[in-house]
Amino acid sequence: MKALISSKSRISAGIALLFAVLSISNSCTKDDMFEMNGDRGDNGGPQGPGMNEVFIQDMTFTPGTISVAANTTIKWTNKDAVTHTVTSDSGLFDSGSITSGGTWSHTFASAGTYAYHCTPHPTMTAGVVVN
């Protein structure tokens, strides 16, 4: 009988602990976390790339086309788990390998349209329009 009461006490304590953990984890939303970090996506946060920034994520470049003024630097951030490149179709620039979490930047000095791709994943394409 004593063993049965002890077993019920352990189960009750485990259930109480589970509810406590679930209550705490559900009390913070993603928006709360962004506010705590001071990051709501307007400067390249979790919601999307900021101004003059491209995310490499889900095997795509986001945005697919970015427009900037001459002499603007664009930063690419690899958010995928695999290595990517930012390689100009015309040979003007090449980032080399950008590992997961890595970044690479390039300044576009002259007006024009610059198509680029990822060398290991040639179906990943995008462009920069410089005014």
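Per chain, residues are indexed from 1 in the order of the written sequence. pLDDT decides what is reported in this predicted model: residues at 70 or higher carry local features, side-chain atom pairs at 80 or more are listed and counted, and totals for whole chains, interfaces and linings draw on all residues regardless. Computation of side-chain values: all heavy atoms of the structure, hydrogens and water removed.

Visitor: Can you walk me through the nonpolar core in this structure?
Guide: Here is a general trend for soluble globular proteins: nonpolar side chains tend to be buried in one another's company. F61, I74, W76, V86, F108, Y116 and V128 are the most contacted members of the largest nonpolar core, which totals 19 residues. Of all elements in the fold, only β1 (53-57), β3 (65-68), β4 (72-78), β6 (103-108), β7 (112-117) and β8 (125-130) reach the threshold of two or more residues within this core. Secondary structure counts use DSSP, requiring at least four H or I residues in a row for a helix and at least two E residues in a row for a strand, with both numbered from the N terminus. Here this core takes three residues from β8, the largest share from any one element. In what follows, residue pairs with any heavy atoms lying within 4.5 Å of each other are defined as contacts. Beyond its immediate chain neighbours, meaning those up to four positions away, I74 contacts N52, V54, I66, V68, W104, S105, H106, F108 and V128. We define the nonpolar core as a collection of buried residues of types Ala, Val, Leu, Ile, Met, Phe, Trp, Tyr and Cys that are connected through side-chain atoms lying within 4.5 Å of one another. Burial here depends on accessible area, computed with a 1.4 Å probe over protein chains only, as a share of the maximum for the residue type. Under 20% is buried, over 50% is exposed, and the range in between is partly exposed.

Visitor: Is there a simple way to think about the side chain of E53 in this case?
Guide: Note that E53 resides in strand β1. Taking the relative accessible area as the measure of exposure, E53 reaches 8% and is therefore buried.

Visitor: It is not clear to me how the sheet that holds β8 should be interpreted in this structure. Could you clarify?
Guide: Note on sheets: strands pair through backbone hydrogen bonds, and any given pair is parallel or antiparallel. Taken in spatial order, the four strands of this open sheet run β3-β8-β7-β5, and their pairing is mixed. Strands with a single pairing partner mark the edges of an open sheet, and in this sheet they are β3 and β5 (87-88). Whether two strands pair comes down to DSSP finding at least two bridges between them. In this structure, β5 lies alongside β7, joined through two bridges in antiparallel fashion. By the bridge assignment, S88 is partnered in β7 with Y116.

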